[in-house]
Amino acid sequence: HLLGAMTKPTTGQLLIDGRDISVMDDAQLTEIRRKKIGFVFQKFNLLPTLTARANIEVARHIHGSESKNHDKHLAEILELLMIEQKMGRKPAELSGGEQQRVAIARAVANRPSMVLADEPTGSLDSKNSAIVLNMFRELNRRFNQTIILVTHNPELVEFTDRLIEMRDG
């Protein structure tokens, strides 16, 4: 919640892109989340009545990024995530792994500098988990996005460049 600018620190400072969020008002925090942070959730949080493409476009619209440049970027992401052929389907018509990849595309389509992924493989089988984690690695490499992955699964360590372990809070 702190890294996602959902909660302000009670003491100290938290800098996101050099700006201290502890002194920001709600509008400024919303702007930071909208422009700088992509969120990937364990439960996907896709809108069930919208197609995969519409789910991604909602996020792009909120961000205000509907230019040709972003269309090219989105096409590259869809290809990387191997879901370009699934864009006309609704979430119920997609596998769990495909739904998670749509959620990832939604989170990264606006080119946030940081992506927070909360247990992104928690509801996936081992094959789809490996696909998703390799895709995160490639997003980091190709688009220079910081990926912060929160997990209870120690097997995911092999997919990280850096590990920070928390105990008891």
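That block above? That's the structure.
We now turn to the structure provided with this report. (Residues numbered from 1 in each chain as written. Predicted model: local features only at pLDDT ≥ 70, side-chain atom pairs only at ≥ 80, totals over all residues. Heavy atoms only, no water.)

Describing the side chain of H73
At step 1: Within the fold, H73 resides in helix α3 (residues 68–80).
At step 2: The exposure class assigned to H73 is buried, which follows from its relative accessible area of 4%.
At step 3: Apart from the residues lying within four places of it in its own chain, the contact partners of H73 are V108, A109, R111 and F143. (Helix = DSSP H or I, 4+ residues; strand = E, 2+ residues; numbered from the N terminus. Buried < 20%, exposed > 50% of the residue type's maximum accessible area, 1.4 Å probe, protein only. Contact = heavy atoms within 4.5 Å.)

Some remarks on the pattern of salt bridges
At step 1: For the coordinates displayed, the defined rule picks out eight salt bridges.
At step 2: Of the charged contacts, one joins R34 and E31 as a salt bridge, the two residues approaching to 2.8 Å between their closest N and O atoms. You can see R34 and its partner E31 sitting in helix α1 (residues 26–36), three residues apart, about one turn around the helix.
At step 3: Of the residues examined, R34 reaches a relative accessible area of 27% and is grouped as partly exposed.
At step 4: The partner of R141 in a salt bridge is E138, and the shortest N-O contact between them spans 2.3 Å. Highlighted residues: R141 and E138, both in helix α5 (residues 126–143), separated by three residues, approximately one helical turn.
At step 5: Its relative accessible area of 58% is what places R141 among the exposed residues.
At step 6: The exposure class of E138 is buried, given its relative accessible area of 18%. (Salt bridge = Lys/Arg side-chain N within 4 Å of Asp/Glu carboxyl O.)

Remarks on helix α4 (residues 96–108)
At step 1: Counted at 1.5 Å a residue, the expected span for α4 with its 13 residues is 18 Å, and the 18 Å between its end C-alpha atoms agrees.
At step 2: The element α4 is largely enclosed, with a buried count of twelve among its 13 residues.
At step 3: Within the span of α4, buried status applies to G97, E98, Q99, Q100, R101, V102, A103, I104, A105, R106, A107 and V108. (Expected span 1.5 Å × (residues − 1).)

Let's talk about unusual backbone geometry
At step 1: You will see that R111, though not glycine, has its phi angle at about 60°, which is positive.
At step 2: Along the chain, the position of R111 falls in the loop between α4 and β4 (114–118).
At step 3: The backbone phi angle of E119 is positive, close to 45°, even though this residue is not glycine.

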